[in-house]
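# Chains, contacts and geometry: an overview
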Amino acid sequence: MRIGLLAHDSKKKLMQNLCIAYKGIFSRNDIYATGTTGRLIQDVTNLKIHKYLTGNLGGIEQLSSQIEHNQIDLVIFLREPLTGIHDQSTQILEMCDMHNIPIATNLASAELLLKSLDRGDMEWREMYK
């Protein structure tokens, strides 16, 4: 499966910790991440990560394009909900909704999706390919 990862600045440490905790699951899948998030994850896990540009320099658009072309199976987007700012990253939420891609926006839903992936519950995504 192809997993997209991105995190707002205030959630990058949480994303690193999530990837450390679930390194076994991540290592069996293809990981795509925006530039800074991908680099930070790679630094602490040594996972192979396909890195896009930094989010605000085009990484969001690169990930959105892969979602639109059905090249991502699951997205974990740890975001800061209290900013009140609707930046370009809301495009990811919209694209996942439009293209029926499971997305987690907090730690609880991220863990549920990762455990579901590990159990094989995401095999239905193969029908979309």
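That block above? That's the structure.
None of the values given here were measured: they were computed from a predicted structure.

To continue, consider the packing of helix 4 (residues 59-68) against helix 5 (residues 90-98). In the contact formed by helix 4 and helix 5, the axes pass within 9 Å of each other and the chain directions differ by 0°. In this view, helix 4 runs roughly parallel relative to helix 5, as classed from their interaxial angle. When helix 4 is examined against helix 5, the residues I60, E61, L63, S64, I67 and E68 are found in contact with a partner set consisting of Q91, I92, M95 and C96. A class-by-class count of the residues in the contact of helix 4 with helix 5 yields 6 nonpolar, 2 polar and 2 charged.

Note that strand 1 (residues 2-7) and strand 2 (residues 30-33) share 4 bridges and pair parallel. Looking at the pairing, L5 lines up with A33 of strand 2. Of the pairings in the sheet, the one linking strand 2 to strand 3 (residues 49-51) comprises 3 bridges and is parallel in character. Bridge pairing links I31 to I49 in strand 3. Considered for its hand, the β-α-β crossover made up of strand 2, helix 3 (residues 35-45) and strand 3 is right-handed.

With their axes 9 Å apart at the nearest point, helix 1 (residues 12-21) and helix 3 run at an angle of 45° to one another. Between helix 1 and helix 3, the interaxial angle falls into the category oblique. Both helix 1 and helix 3 take part in a crossing whose hand is right-handed. Judged by residue contacts, K12, M15, Q16, C19 and I20 of helix 1 engage T36, T37, L40, I41, V44 and T45 from helix 3. Across the contact of helix 1 with helix 3, the residue classes break down as 6 nonpolar, 4 polar and 1 charged.

The rules behind each value
- Residues numbered from 1 in each chain as written.
- Predicted model: local features only at pLDDT ≥ 70, side-chain atom pairs only at ≥ 80, totals over all residues.
- Heavy atoms only, no water.
- Axes fitted to C-alpha atoms, helices over the stretch in contact; angles between N-to-C directions.
- Helix = DSSP H or I, 4+ residues; strand = E, 2+ residues; numbered from the N terminus.
- Parallel < 35°, antiparallel > 145°, perpendicular 65-115°, else oblique.
- Contact = heavy atoms within 4.5 Å.
- Nonpolar A, V, L, I, M, F, W, Y, C, P; charged D, E, K, R; others polar.
- Pairing = 2+ DSSP bridges.
- Right-handed = clockwise from strand over helix to strand, strands pointing away.
- Left-handed = near helix turned anticlockwise from the far one by under 90°.

From the geometry alone we can't say anything about function, so treat these as descriptive.
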